[in-house]
Amino acid sequence: MDSAILADPTDKNCTRGRQVSETHTTNPVFPPGRYGRRRERRRRPVLSIIVLALVMAVSVLLSIKLYQRYGQTDYEPQIVGWEEPADTTMQIKFTVRVPAGGATECVLRARDFGGNEVGRRTVVVRAAAGATSIEAEEPVPTTARASVGDILGCQPAD
């Protein structure tokens, strides 16, 4: 930009008004009753901090308990295969990893070619003493010819 437009060269040396030196002031003093009651310094929110710490501790404990119950499961199913011996049944072969000598309850599902569920069965299988894996083959009754077998999930047997 052209400095001639912004200011006249004679203006650069001029000061407007009296120059003031820097001064340090204290807190302002207000006339009593004019601006309402002055607030005093806030107290520390001790109660809020205690409540927040308590809520966080309860949340951590609840999270740990729920993770132990539902998080990492020892009951890990895997499909081995399936057979369709008839239009009204399907044989599903599967393995399940369980705690040593444990029993599990698994939900098996049969689906048709379009992916629609045509059969479901809940089975309880038990591991041999000391075994940590179960190999099983269970029939699932169907309402139509099935083409795919699934395991929806396994959980500890009651």
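Structure: above.
Enquirer: Can you help me understand the state of the cysteines in this one?
Expert: Here a disulfide denotes one covalent bond, and it connects the sulfur atoms of two cysteines. This structure, assessed with the given rule, holds 1 disulfide. Paired by a disulfide, cysteine 106 and cysteine 154 hold their sulfur atoms 2.0 Å apart. Taking the sign of the torsion about the S-S bond as the criterion, the disulfide between cysteine 106 and cysteine 154, at about 110°, is right-handed. Of this pair, cysteine 106 sits in strand β3 (residues 103–111) while cysteine 154 sits in strand β6 (residues 148–156); the two residues are 48 residues apart in sequence, bridging distant segments of the chain. Of the residues examined, cysteine 106 reaches a relative accessible area of 0% and is grouped as buried.

Enquirer: Explain the side chain of threonine 95 here, please?
Expert: By secondary structure assignment, the location of threonine 95 is in strand β2 (residues 89–97). Taking the relative accessible area as the measure of exposure, threonine 95 reaches 18% and is therefore buried. Once residues within four sequence positions are removed from consideration, threonine 95 is found in contact with Glu76, Pro77, Gln78, Val80, Ile134 and Glu135.

Enquirer: Got a minute to help me understand the sheet that holds strand β1 (residues 76–86) in this structure?
Expert: Picture the strands of a sheet paired through backbone hydrogen bonds; they go either parallel or antiparallel. Strand order in this open sheet of 3 strands is β1-β2-β5, and the pairing throughout is antiparallel. Each edge of the open sheet carries a strand with a single partner, namely β1 and β5 (133–141). The average angle at which neighbouring strand axes cross in this sheet is 20°, direction not considered. Where β1 and β2 come together, 8 bridges link them in antiparallel fashion. By the bridge assignment for β2, glutamine 78 is matched with threonine 95.

Enquirer: Would you take a moment to explain the sheet that holds β3 for this structure?
Expert: Strand order in the open sheet formed by 3 strands is β4-β3-β6, with antiparallel pairing between adjacent strands. Both outer strands of the open sheet, β4 (117–126) and β6, are each paired with one neighbouring strand and no more. Neighbour to neighbour, the strand axes of the sheet diverge by 20° on average, direction disregarded. In this sheet, β6 lies alongside β3 in antiparallel orientation, the contact comprising 8 bridges. Of the residues in β6, the one forming a bridge with valine 107 is glycine 153.

Analysis parameters
- Residues numbered from 1 in each chain as written.
- Predicted model: local features only at pLDDT ≥ 70, side-chain atom pairs only at ≥ 80, totals over all residues.
- Heavy atoms only, no water.
- Disulfide = S-S within 2.5 Å.
- Helix = DSSP H or I, 4+ residues; strand = E, 2+ residues; numbered from the N terminus.
- Buried < 20%, exposed > 50% of the residue type's maximum accessible area, 1.4 Å probe, protein only.
- Contact = heavy atoms within 4.5 Å.
- Pairing = 2+ DSSP bridges.
- Axes fitted to C-alpha atoms, helices over the stretch in contact; angles between N-to-C directions.

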